[in-house]
Amino acid sequence: MTFQKKHKLGALPFNEEPFDKSPVCLKVREGVKEKLRAIPDWQERLRNLIDELIENARNDCR
C-alpha cells in the first residue's frame, strides 16, 4: 500500500513559510553542538538570529 499525498493525517508544518529542502551546514568548535542542543527551541531561535544577521547586513550595505 502506498502513502497517499495530502492525507488528512499527514504531518503539519510548524510555520506558514516552508523550509528550504537543503540545509545550511557549518562547522563549530568542539563541544558547541552538545551545548546548542541543550537549549530549548534552539533551531527556531537560531533561525531568528540568522534572519536578524541578514537584515543587519542589508542595512549596513546601504
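Residues numbered from 1 in each chain as written. Predicted model: local features only at pLDDT ≥ 70, side-chain atom pairs only at ≥ 80, totals over all residues. Heavy atoms only, no water.

Peer 1: How should the overall build of the chain be read in this particular structure?
Peer 2: Each helix and strand counted, the chain has two helices and zero strands in total. Carbon and sulfur atoms make up 57% of the accessible area of the chain, which amounts to about 7,200 Å² in all. (Helix = DSSP H or I, 4+ residues; strand = E, 2+ residues; numbered from the N terminus. Areas by Shrake-Rupley, 256 points an atom, 1.4 Å probe, with all protein chains shown as cover.)

Peer 1: Explanation requested: the pattern of salt bridges in the structure shown.
Peer 2: It is possible for side chains bearing opposite charge to pair when their charged atoms get close. Scanning the model with the defined rule gives two salt bridges in all. Residues Glu44 and Arg47 are paired through a salt bridge, measuring 3.1 Å at the closest nitrogen-oxygen approach. Placement of both Glu44 and Arg47 in helix α2 (residues 42–61) is noted, with a separation of three residues, approximately one turn of the helix. Residue classification places Glu44 among the partly exposed residues on the basis of a relative accessible area of 30%. Residue classification places Arg47 among the partly exposed positions, given a relative accessible area of 30%. (Salt bridge = Lys/Arg side-chain N within 4 Å of Asp/Glu carboxyl O. Buried < 20%, exposed > 50% of the residue type's maximum accessible area, 1.4 Å probe, protein only.)

Peer 1: Could you clarify how one ought to interpret the packing of aromatic side chains in this entry?
Peer 2: Taken as a whole and judged by the stated rule, the model has zero aromatic pairs. One Lys or Arg, Arg47, reaches over the ring of Phe19 and ends 4.2 Å from the middle of that ring. (Phe/Tyr/Trp six-rings, centres within 6.5 Å; stacked < 30°, edge-to-face > 60°. Lys NZ or Arg CZ within 6 Å of the ring centre and 35° of its normal.)

Peer 1: Would you mind showing me how to read unusual backbone geometry here?
Peer 2: Leave glycine aside and you will find that most residues have negative phi; peptide bonds, for their part, are mostly trans. In this structure, Asp41 is a non-glycine residue whose phi angle is positive, near 60 degrees. With respect to the helices, strands and loops of the structure, Asp41 is situated in the loop between α1 (32–37) and α2.

Peer 1: What am I meant to see in a nonpolar patch on the surface here?
Peer 2: Among the surface-exposed residues, Leu46, Leu49, Ile50 and Ile54 lie close enough to one another that they form a single nonpolar patch of about 330 Å² accessible area. Looking at the secondary structure, you find Ile54 in helix α2. (Patch = residues over 30% accessible without salt bridge, like charges linked within 9 Å, V, L, I, M, F, W, Y side chains within 5 Å.)

Peer 1: What should I look at first to understand a negative patch on the surface in this one?
Peer 2: On the surface, Glu16, Glu17, Asp51 and Glu52 cluster together into a patch of negative charge. Examined against the element boundaries, Asp51 turns out to sit in helix α2. (Lys, Arg positive; Asp, Glu negative; His and termini not counted. Charge placed at Lys NZ, Arg CZ, Asp CG, Glu CD.)

Read these as layout, nothing more, since geometry by itself doesn't imply function.
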